[in-house]
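Observations on chain architecture
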2 protein chains.
Amino acid sequence: MVSIKDIAKHAGVSIATVSYALNGNPKVTEETRKKILTVAQELHYVPNAAARTLKKRKTKILGAFLTSFEGAFYGELLQGMKEEMGKRGYDLVICSGTQSHRMLREGFLDGAIILDRLFSDEELLFHATRGHKLVVLDRELSHPNIVQVLLDNKAGATFAVEYLLRHGHKKLYVVTGPTGSYDAEQRLQAARQTVERNGPLWYAEIPGNFDKESGAAAAQRIISEYSGPVAVFCLNDEMVIGMYRALKDTPYRIGEHIHVVGFDHIETADYIQPRLASIDYSKRRWGAVAAEQLLKLIEGLGSEHERIYVSLVEGESVKRS
Amino acid sequence: MVSIKDIAKHAGVSIATVSYALNGNPKVTEETRKKILTVAQELHYVPNAAARTLKKRKTKILGAFLTSFEGAFYGELLQGMKEEMGKRGYDLVICSGTQSHRMLREGFLDGAIILDRLFSDEELLFHATRGHKLVVLDRELSHPNIVQVLLDNKAGATFAVEYLLRHGHKKLYVVTGPTGSYDAEQRLQAARQTVERNGPLWYAEIPGNFDKESGAAAAQRIISEYSGPVAVFCLNDEMVIGMYRALKDTPYRIGEHIHVVGFDHIETADYIQPRLASIDYSKRRWGAVAAEQLLKLIEGLGSEHERIYVSLVEGESVKRS
DNA sequence: TTGTATGCGTTATCAT
DNA sequence: ATGATAACGCATACAA
């Protein structure tokens, strides 16, 4: 391995001068700087991240933690983060699984964006207390080193339920999300409120898990007790996909017997038949805003909690009852 | 920051003893080991990755480089890698963009899996020569520190074309992939061979880019010159999705006027109507095999190039002509 | 079994 | 403008 020491030797200068030259410190003459750069090139010098980090206590790498890599959900979100961070000279790495929490602990990362149930609030607070900068996308958590960038779940759920009611439906199912999920809880709570506010109507909740399987199971249950057109609010789109599949080989039709609206407006929602009505928001923007806040936090500028607004996208999965 | 030095002081031992105790070195008494561990706990000691890495020249972190985070394609692949690596005590991070190549260069990573056109062959050879261990998923490249884990593209493309011909089609389009893509080139080459081998038939190629837009454009071209049922082999599924969308508001029907088979068998392919015929392979297995080979390479065990086999999944997107 | 001492490659302070 | 040198936190060869 070739180090600045080798460069110093070959160039006939001290390692300090080499370091200065390599880092563009103006204290060194243009002439010697050039020579040093040339030598570095010739020797194929590559800086050593570990040494630099040990000294500077900064890696210029940020992490995004996801519960899982699966789900067509994350692409745009991550792209939004990456672009924003790249502009500012930071690199982004995506991590998943409790095992990899050590990267945050041990200082591989200057900060992280969390969208990952596998982190407990306690653990995040612990990291924050140790000086790590965090942006949380999936919970409310208060600490000077933590900023929240949350979806406006309540607005979305309200839009969804009102949309169904507006189409004259009087019988409503909500397919819920995993217990402990902040987004799921917020959505459910707002859905219940909207139902209450809109007078007497038949209402039931089916436990879901945000995955296709639970969506399919919900569909089974719905058709098993079917006695006339129903409306369904699935707390995310993924479950709706499962529902479509489960209904495929039955006589029940989406948009006719079962009217459904989802949440997230994932890409697939535009391709399934009939097109799915869903709550939409810019995933890219969500990622970009999160990244921006994290950078502000790290660079000591003022950072604030942010909210990502949502809107309803209509679809043929909902018709008049 | 609390270091082993602090622990040593509090426990009344030397830093060497602390280091031994922390690393489970049997040279230290169970008694002192316990005391040291207790003190470490009390002080909330967290090891410093940079220091450890500087000394050991290993991070126990592996990278997967992707051209982009977008596309519903990667979830399972990455999950396969993560599981395999996790078992062996390695962490996985996902990286994208040339900017982040420095992580490989500067020693943040012990090795990497490459599925990323943004790496040139030269760059990869450079890294390999510097001692980095690599697994490539998207090219043929020979070096003692590089192993290939490639899809059997040729078999897949052959299956696809034969499937179309078997259904009596005499007019065939191939929608190609981006120039320079190994997978695209392999598939195209095999498709051409299969066409030649199967006697005279009308054949044309439409340049594609592996994204939805180019699929939609291809659909436009096909209907603009439509004069009777045609068969289409899209070199990946993503383009087929674009094709479905473009055809949606036209009188032309998939599986009736336009018979199409894709490649990759992405999840969406099972949900679009009619269900897409496509070339399938286990993405999870691809990831797991790649991870396994990378680990063998790193641990100096013998590693070999591997091939991932593919199969045809039928669908209603292809019917008899 | 435990302690001492050295070095990993870099940055940065202080001399010169 | 350049050089000598002391950290940074840890692992480990060697001494005790």
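All values reported here derive from a predicted model rather than from experimental measurement.

What follows is about the overall build of chain A. Helix and strand counts for chain A come out as 12 helices and 12 strands. Taken over C-alpha atoms, the radius of gyration comes to 26 Å for chain A, far larger than the 20 Å a tight globule of 321 residues would show. Seen along its three principal axes, the alpha-carbon backbone of chain A occupies a region of about 90 × 35 × 30 Å. Across the 321 residues in chain A, those meeting the buried criterion constitute 55%. Sequence-distant contacts in chain A: of pairs separated by 6 or more residues, those separated by 24 or more amount to 70%. Total accessible area on chain A is roughly 13800 Å²; 49% of this is exposed by carbon and sulfur atoms. Averaging the coordinates of the 41 positive side-chain charges in chain A and doing the same for the 40 negative ones gives two points 5 Å apart.

Turning our eyes to something else, we now look at the sheet that holds strand 7 (residues 202–206) of chain B. Residues and elements named next belong to chain B. In space, the six strands of this open sheet follow the order 7-6-8-9-10-12, with mixed pairing throughout. Among the strands making up the open sheet, the edge pair consists of strand 7 and strand 12 (311–313). Across the sheet, the mean angle from the axis of one strand to that of its neighbour is 20 degrees, orientation sign disregarded. Across three bridges, strand 10 (residues 277–280) lies against strand 12 in antiparallel orientation. Paired with S278 across the bridge in strand 12 is V313. Packing against the sheet, helix 10 (residues 212–224) makes contact with strand 6 (171–175), strand 7, strand 8 (230–234) and strand 9 (258–263), and its axis sits at approximately 145 degrees to strand 7.

What follows is about the interface of chain A and chain B. Each partner contributes to the interface: chain A provides 55 residues, whereas chain B provides 55 residues. Around 4800 Å² of area is buried between chain A and chain B when both sides are counted, 56% of it from carbon and sulfur atoms. Between E106 of chain B and R52 of chain A there is a salt bridge, with its nearest N and O atoms 2.5 Å apart. Applying the counting criterion to the chain A and chain B interface returns 22 residue pairs in polar contact (both at pLDDT 80 or more). Those elements that provide at least two residues to the side of chain A that touches chain B are helix 4 (49–56), helix 5 (75–87), strand 2 (91–96), helix 6 (101–105) and helix 11 (237–248) of chain A. The residue inventory of the side of chain A that touches chain B, partitioned by class, reads 22 nonpolar, 15 polar and 18 charged.

Our focus in this paragraph is the protein's contact with DNA strand C. Contacts to DNA strand C come from 30 residues, most closely from Y20 and Y45 of chain A together with T17, T29 and K55 of chain B. Taking all atoms of DNA strand C within 4 Å of the protein, the share assigned to sugar and phosphate is 62%. Separating a sugar or linking oxygen of DNA strand C from a side-chain N or O atom of T29 of chain B is a distance of 2.6 Å. Here a phosphate oxygen of DNA strand C sits 2.8 Å away from a polar atom, N or O, in the side chain of T32 of chain B. Of all the elements in the fold, those that place two or more residues in the surface near DNA strand C are helix 2 (15–22) and helix 4 of chain A together with helix 2 (15–22) and helix 4 (49–56) of chain B.

On to the nonpolar core. Membership of the largest hydrophobic core comes to 158 residues, with the highest contact counts inside it found for F233 of chain A together with F233 of chain B. In contact with F233 of chain B, other than residues within four places in its own chain, are A157, A160, V161, L164, L172, Y173, V174, V175, A191, V261, G262 and F263 of chain B. If you look at the next biggest cluster of nonpolar residues, it comprises 36 residues, including A49, M103 and L141 of chain A together with C95 of chain B.

On to the pattern of salt bridges. Residues and elements named next belong to chain B. For the structure on display, the rule yields 35 salt bridges over all chains. The salt bridge involving E30 is made with R33; its shortest N-O contact spans 3.4 Å. Linking E30 with R33, this pair stays in helix 3 (residues 30–42), spanning three residues, or about one helical turn. Among the ionic pairs, R139 bridges to D121, the shortest N-O distance being 2.8 Å.

So, on to the protein's contact with DNA strand D. If you check the shell around DNA strand D, you find 30 residues, and the closest are S14, T17 and T29 of chain A together with I4 and Y45 of chain B. Within 4 Å of the protein, the contacting atoms of DNA strand D are 60% sugar and phosphate, with bases supplying the remainder. A51 of chain B places a main-chain nitrogen or oxygen 3.4 Å from a base nitrogen of DNA strand D. For the surface near DNA strand D, the elements supplying multiple residues, two or more each, are helix 2 and helix 4 of chain A together with helix 2 and helix 4 of chain B.

Each copy of the sequence occupies a distinct position, and chain A is placed on chain B by a rotation of 180 degrees and an axial shift of 0.0 Å, giving an RMSD of 0.0 Å. Between the two chains, the operation in question is that of a two-fold axis. Interface overlap between copies is the fraction of interface residues in one copy that are interface residues in the other; for chain A against chain B it reaches 100%, indicating a shared surface.

Following the UniProt record, the feature "domain: HTH lacI-type" (unreviewed entry) maps to residues 2–56 of chain A here. Spanning residues 2–56 of chain A, this segment combines 67% helix with 0% strand, and its end C-alpha atoms are found 20 Å apart.

This part takes up the side chain of R139 of chain B. Residue and element names in this part refer to chain B. Locating R139 in the fold gives a position in the loop between strand 4 (133–136) and strand 5 (146–151). In this structure the side chain of R139 is engaged in a polar contact, spanning 2.8 Å, whose partner is the backbone oxygen of F119. Polar side-chain contacts of R139 include one of 2.8 Å to the side chain of D121. Other than its neighbours up to four places away in sequence, R139 contacts I114, D116, R117, F119, S120, D121, L124, Q148, L150 and Y182.

Reading the values: rules and limits
- Residues numbered from 1 in each chain as written.
- Chains lettered and ligands numbered in written order.
- Predicted model: local features only at pLDDT ≥ 70, side-chain atom pairs only at ≥ 80, totals over all residues.
- Heavy atoms only, no water.
- Helix = DSSP H or I, 4+ residues; strand = E, 2+ residues; numbered from the N terminus.
- Rg over C-alpha atoms; globule rule 2.2 N^0.38 Å.
- Buried < 20%, exposed > 50% of the residue type's maximum accessible area, 1.4 Å probe, protein only.
- Contact = heavy atoms within 4.5 Å.
- Areas by Shrake-Rupley, 256 points an atom, 1.4 Å probe, with all protein chains shown as cover.
- Lys, Arg positive; Asp, Glu negative; His and termini not counted.
- Charge placed at Lys NZ, Arg CZ, Asp CG, Glu CD.
- Pairing = 2+ DSSP bridges.
- Axes fitted to C-alpha atoms, helices over the stretch in contact; angles between N-to-C directions.
- Buried area = accessible area lost by both parts, 1.4 Å probe.
- Salt bridge = Lys/Arg side-chain N within 4 Å of Asp/Glu carboxyl O.
- Polar contact = N/O pair within 3.5 Å; in protein donor to acceptor, adjacent residues only side chain to side chain.
- Nonpolar A, V, L, I, M, F, W, Y, C, P; charged D, E, K, R; others polar.
- Near = heavy atom within 4 Å.
- Core = buried A, V, L, I, M, F, W, Y, C linked by side-chain atoms within 4.5 Å.
- Least-squares fit on C-alpha atoms with pLDDT ≥ 70 in both.
- UniProt positions renumbered as here; feature names shortened; annotations may be inferred.

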